[in-house]
Amino acid sequence: MKMAQTTKWLMFADKFENKKPSSQMSKMDCVIDFIVFLLVSVGYVIEAVHHTLFGHPEKDLNEELAVITGGGGGLGRLLAMRLVRLGVKVILWDISQESLDESTKIIEAMGGWCKAQIVDISRREEVYKAADEIRSKYGDVTLLFNNAGVLSGRALLDTPDHLIERSFNVNVVAHFWTVKAFLPKMIENNHGHIVTIASMAGHVGIAKLIDYCSSKFAAVGFDEALRLELEVMGIDKVHTTVICPYFIQATGMFDDVNSRWVGTLNSNDVADRIVLAVRRNEKMALIPWYFSFMLAFKYIFPWGCTSGFLRRLVPDATPQHILPSPVTTPSIQKQAEMNFNNNNNVNNNNIDKETELIKRMSTAVDGERVL
């Protein structure tokens, strides 16, 4: 009880701020403002230590309504299976009807409530239409898992332009559409949780993952900026959590990654950790946890140390694609020809290169993979 009262006091104190514009603040105002900041910060540190020593409070998810993008398989399916055990009603979004049918069958066999919709999240019109349908049929969504992701796994100059666009459209731009679709009702009800499945690649760069890393860096920034904006608005019951795991096994993206020193993660363990982070209202979950110390290493030591560490930790993230030597690196003209040919091949198969997602767990389009 005392810790709960302390938390409420911290939230109240943290909202204290000098309402004067910074240009009109006196020196005394600045000093007072800084002292309040220090006191509140100490309070948050004490609260974090208390939770570490005595455990985090966990919220009840029973009767919540969740949307999971990329729910046709992989991590999305595993999350759905865990959520229904907690009494959550789940709605799965994917572009593969076959995958959705399989996930739905598994979840209903567990006794869970599950619905599925074919939604290409890179198309905002489809997202908004599906969101309206959910509201009219099932009510307000209270949990949103932005889980879907794609990976090309090529050197930058070997990556066709449309795959770069797709990486951003699915891995981060789609988050804008899903959040805009469901956040207004969460704010109106002052109740909800938005979960961003990012990656450790959202904190460090890896060779042959330039488009993937860039999109995941953006996803991490999206979550942080959204959380701060909600706090500034005074919305204290709509939470956000960003999940940053290392390479995960058996999701179809990094099954053949060459990783040293740190083993790849079991997908079931990651799904368990994500659900726990949501129940605890954690702001960020690095998986494994000790990567937080490795991130500190990145910012403390010279670049040569960081580069050497990363190159040894992940010698090759996608062995199926060979990193070109400077002699074989394609010229701009050759790259343009490659993109032109790729675009023609896509068009000949009646596939919209900018928005059509590939079938889950496959390499159907230019060797790209999906989560």
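What you see is a predicted model, and the numbers here were worked out from it, not measured in a lab.

Asker: Would you mind showing me how to read the packing of aromatic side chains here?
Answerer: The relative placement of two aromatic rings is captured by the distance of their centres and the angle of their planes. Scanning the entire structure with this criterion turns up 11 aromatic pairs. Centroid distance Trp-113 to Tyr-138: 5.3 Å. Interplanar angle 80°. Geometry classified as edge-to-face. Placement of Trp-113 in the loop between α4 (97-109) and β3 (114-118) and of Tyr-138 in helix α5 (residues 124-138) is noted, with a sequence separation of 25 residues between them. Classification of Trp-113 by relative accessible area gives partly exposed; the value is 29%. Of the residues examined, Tyr-138 reaches a relative accessible area of 33% and is grouped as partly exposed. Centre to centre, the rings of Phe-176 and Phe-222 are 4.8 Å apart; their planes meet at 65°, and the pair counts as edge-to-face. Of this pair, Phe-176 sits in helix α6 (residues 161-189) while Phe-222 sits in helix α7 (residues 210-233), and the two are 46 residues apart along the sequence. Looking at Phe-222, the relative accessible area reads 12%, which means it is buried. The structure contains a cluster of three or more aromatic residues connected by ring pairs, namely Tyr-246, Phe-247, Trp-289, Tyr-290, Phe-291 and Phe-293.

Asker: Mind showing me how you'd approach the layout of surface pockets here?
Answerer: Rolled over the atoms, a probe sized like a water molecule indicates the empty space that remains. Size it by volume and the second largest pocket reaches roughly 260 Å³. Surrounding the second largest pocket, 13 residues form its lining, Ile-206, Ala-207, Arg-311, Val-314 and Pro-315 being those nearest its centre. For the lining of the second largest pocket, the class distribution of residues is eight nonpolar, two polar and three charged.

Asker: How do you make sense of empty space enclosed by the protein when you look at a structure like this?
Answerer: Enumeration according to the criterion identifies two cavities of 30 Å³ or more in this entry. Empty space within the largest cavity amounts to approximately 320 Å³. Lining the largest cavity are 28 residues; nearest its centre among them are Ser-199, Met-200, Ala-201, Pro-245 and Tyr-246. Within the lining of the largest cavity, the residues separate by chemical class into 23 nonpolar, three polar and two charged.

Here is what the cut-offs are and how they apply
Residues numbered from 1 in each chain as written. Predicted model: local features only at pLDDT ≥ 70, side-chain atom pairs only at ≥ 80, totals over all residues. Heavy atoms only, no water. Phe/Tyr/Trp six-rings, centres within 6.5 Å; stacked < 30°, edge-to-face > 60°. Helix = DSSP H or I, 4+ residues; strand = E, 2+ residues; numbered from the N terminus. Buried < 20%, exposed > 50% of the residue type's maximum accessible area, 1.4 Å probe, protein only. 1 Å grid on protein atoms, 1.4 Å probe; cavity = no way out; pocket = protein on both sides within 12 Å on 5 of 7 lines; lining within 4 Å. Points joined across faces, edges and corners; volume = space filled by probe spheres on them. Nonpolar A, V, L, I, M, F, W, Y, C, P; charged D, E, K, R; others polar.

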